[in-house]
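Here's the letter readout for the chains.
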Number of protein chains: 2
Amino acid sequence: MVNDPGAVDATPARAPTIKDVAARAGVGIKTVSRVLNDEPNVRPEMRDRVLEAMASVEYRRNSMASSVRRRDQRTASIGLVVEDLANPFASQLTRVVQDHALRRRYLVLVGSSDGVAEREREIVGEFCSRRVDGLLVVPSGTDQSYLAAERERGTPVVFIDRPGKKITADAVVSENEIGVQQATEHLARHGHTRIGYLGDRQSVHTAERRLAGYRAAMTELDAEPDTGWVRTELTDASAAYRAATGMFQQDDAAPTAVVCGNNLITVGTLHALQALGLRETVAVVGFDDLDLADLLRPALTVITQDIEAIGERSADQLFTRLDNPGEEYARVSVPVRLVPRGSGEIPPPPHGEGE
Amino acid sequence: MVNDPGAVDATPARAPTIKDVAARAGVGIKTVSRVLNDEPNVRPEMRDRVLEAMASVEYRRNSMASSVRRRDQRTASIGLVVEDLANPFASQLTRVVQDHALRRRYLVLVGSSDGVAEREREIVGEFCSRRVDGLLVVPSGTDQSYLAAERERGTPVVFIDRPGKKITADAVVSENEIGVQQATEHLARHGHTRIGYLGDRQSVHTAERRLAGYRAAMTELDAEPDTGWVRTELTDASAAYRAATGMFQQDDAAPTAVVCGNNLITVGTLHALQALGLRETVAVVGFDDLDLADLLRPALTVITQDIEAIGERSADQLFTRLDNPGEEYARVSVPVRLVPRGSGEIPPPPHGEGE
DNA sequence: CGAGCTACTGACAACGTTGTCGACAACGTG
DNA sequence: CACGTTGTCGACAACGTTGTCAGTAGCTCG
């Protein structure tokens, strides 16, 4: 079918190379290369001839070939592995990282692991095969030791959102524990003692820290939580919906306030409260902001992570490590912020408390 | 495997090549290459030796070098240019495209143009310099003719969300006009005749189509809209907030329902209605879904784009064009869907209509 | 005038891979 | 046995670029 004689294919569809440019400008290929890389010792007249030739054939450097040949093999790209790019946290993070990388003329490759360890490895493998200069990873699963091999071969790694397991490396994390602790104390300050917590799988580092924050606050308040007030292992909104429904249907023992461990859980919980007609009765603080949080009634009180800072710090960390590899590994903590909007300031019902 | 923390610098941080693998396996480099590419005519015994050698040095193919040498220069990557990756529409689209690309073992590079034509060109240039096999572009500005050059050199282009200007090419777009027309008719069916419209810049193709849908519906309803009922050129939520505030403060001439041309405008409008205490009085239909739309009260009625379909169709379109370049350019229309949730079903106030 | 510099230029090797081709062995066929 | 065929393998060239180095011209300096 390719041998169709009728096919009009005058253009060989081949991209021009420095050879073409050199021929057209009547110079050697090295001179073209020099102009391309802004190297010194090129007569301005020559430079102009080359630039003109480049423009006339619409030359585009082949950066593949370039980085194969380069001494340092640098590709001016970094890889970012997130859980799910469709999640606002991930996409905003990606955007921030891209902007910071772009400032140094770096490109960012992104992949979604869906929280599956094997996918994470595949994506990392793919990135390394493209010889990214560094990796930013939101780690999943129980073992990131495989990254040590990549690091030894010259690809530094910075973990984001939670530290990698079975490996020491740079990490940029939010102050999860402090955030949830503050949220719980915030509810307590508004009169609550019966405070519940809904969280993700304890195997996820952030979830574990957040629950710890809740526990710390409760202990400090001398309010030993009822076992029915804490539910974990909630992996999505519908699981949270069911858990919240169960929690608030306990007639006598239901909490009067609840902290939600992440935004999916917040959404599920709000739906549950809506269905039970308790939206204006039960106080809610969510972890992670939501787009329309301030349009809800009552508007949603949240603990927000500083995504801007997380992205910036992790990109910076990676670039400094690229520049000087020998340094000690650092763990960077990024503060979180409580944003009161209404739902977290609902007082407990006036009638006497049980327990 | 190697748990020796004392062994430092045995490896000079150089990634192993097929040469290393070949030496270790005691075979020629070509045989390694054959194993790598699953080419036939390799004795199973040889294959095993090579695979073992690869594993023992943790070999990772250098796909840069590979695509430089390959006959077709294919890099197994495509470039996607969106307006802003932090926007849910863009990030969901990216996710869908990535999933579809991954199925064919393609990687997706993403860039945010911020709607700036020059940024778009820069990103496209960067992608082409990395020799992506194809481009998916949400076009900005008034001229995409520069892409013709890339196409002639073998990089096909598919436009998403709106067609490129000053160039004919494949495009995958939503049925914007029909969507807004249906939204307007939906409001009319619920008794409204005084229906307003808030839209983005008319220079944006989708915004232009959407306003056309509104106009078509209004004409069909014999309801010539008051000039105060249509505001365009709203570029962000705060502009929409001001426009909506102005629109609904016209005591006598205010509309009883409004269609919002995109999700930023919807957010601004909802804030304005909230501030004016009209949330439960004025009917609202938004274009594009919002994360918490169903948690609002009244829940938000929207026209949603089928992002899944858009991503899938555009990826498919690009891949078919990669496989057989000669085809006619196609414009694919993806249907939109009206999701009634409450805010679009609010009836007009009972007292007599003006006009 | 020659020696020694500096600025400039291009021929050529090299990067890690894939494409081409020829060598060689094992096989079936006549 | 001669012969072609098939399967297997590696030496080498080539991709588009950058690194090395030698060469040339023009200059200064003694």
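Right above here is the structure, for reference.
A brief report on the enclosed structure follows. (Residues numbered from 1 in each chain as written. Chains lettered and ligands numbered in written order. Predicted model: local features only at pLDDT ≥ 70, side-chain atom pairs only at ≥ 80, totals over all residues. Heavy atoms only, no water.)

### Some details on the protein's contact with DNA strand D
In the region of DNA strand D, 25 residues are neighbours, and Ile18(A), Tyr59(A), Thr31(B), Arg34(B) and Arg69(B) sit closest. Within 4 Å of the protein, the contacting atoms of DNA strand D are drawn from sugar and phosphate to the extent of 57%. Within the side chain of Arg69(A), a nitrogen or oxygen atom sits 3.0 Å from a base oxygen of DNA strand D. Within the side chain of Asn41(B), a nitrogen or oxygen atom sits 3.4 Å from a phosphate oxygen of DNA strand D. (Near = heavy atom within 4 Å. Polar contact = N/O pair within 3.5 Å; in protein donor to acceptor, adjacent residues only side chain to side chain.)

### Considerations on the sheet that holds strand β12 (residues 336-339) of chain A
Residues and elements named next belong to chain A. The strand order across the open sheet built from six strands is β7-β6-β8-β9-β10-β12, with neighbouring strands paired in mixed fashion. Looking along the sheet, the strands with just one partner apiece sit at the ends: β7 (230-231) and β12. Running over the sheet, helix α9 (residues 205-220) touches β6 (195-198), β7, β9 (283-287) and β10 (301-305) and is turned about 170° from β6. On top of the sheet, helix α11 (residues 263-276) reaches β6, β8 (257-260) and β9; it is set at about 160° to β9, its chief contact. (Pairing = 2+ DSSP bridges. Helix = DSSP H or I, 4+ residues; strand = E, 2+ residues; numbered from the N terminus. Contact = heavy atoms within 4.5 Å. Axes fitted to C-alpha atoms, helices over the stretch in contact; angles between N-to-C directions.)

### Some thoughts on the nonpolar core
Within the largest apolar cluster, 54 residues are counted, with the highest numbers of intra-cluster contacts made by Phe248(A) and Phe248(B). When residues of this core are traced back to their parent elements, those giving at least two are α10 (237-249), β8 and α11 of chain A together with α10 (237-249), β8 (257-260) and α11 (263-276) of chain B. Apart from residues no more than four positions distant in its own chain, Phe248(A) is found in contact with Ala254(A), Pro255(A), Val258(A), Leu273(A), Leu276(A), Leu278(A) and Val282(A). Core analysis: the second largest hydrophobic core is formed by 52 residues, Phe89(A), Val110(A), Ile307(A) and Ile307(B) among them. (Core = buried A, V, L, I, M, F, W, Y, C linked by side-chain atoms within 4.5 Å. Buried < 20%, exposed > 50% of the residue type's maximum accessible area, 1.4 Å probe, protein only.)

### Section: the protein's contact with DNA strand C
Close to DNA strand C lie 26 residues; Thr31(A), Arg34(A), Met46(A), Arg69(A) and Tyr59(B) are nearest. Protein-adjacent atoms of DNA strand C, using a 4 Å cutoff, are sugar or phosphate at a proportion of 59%. Lys30(B) has a polar side-chain atom sitting 2.8 Å from a base nitrogen of DNA strand C. Contacts to DNA strand C include Asn37(B), whose side-chain N or O atom sits 3.1 Å from a phosphate oxygen.

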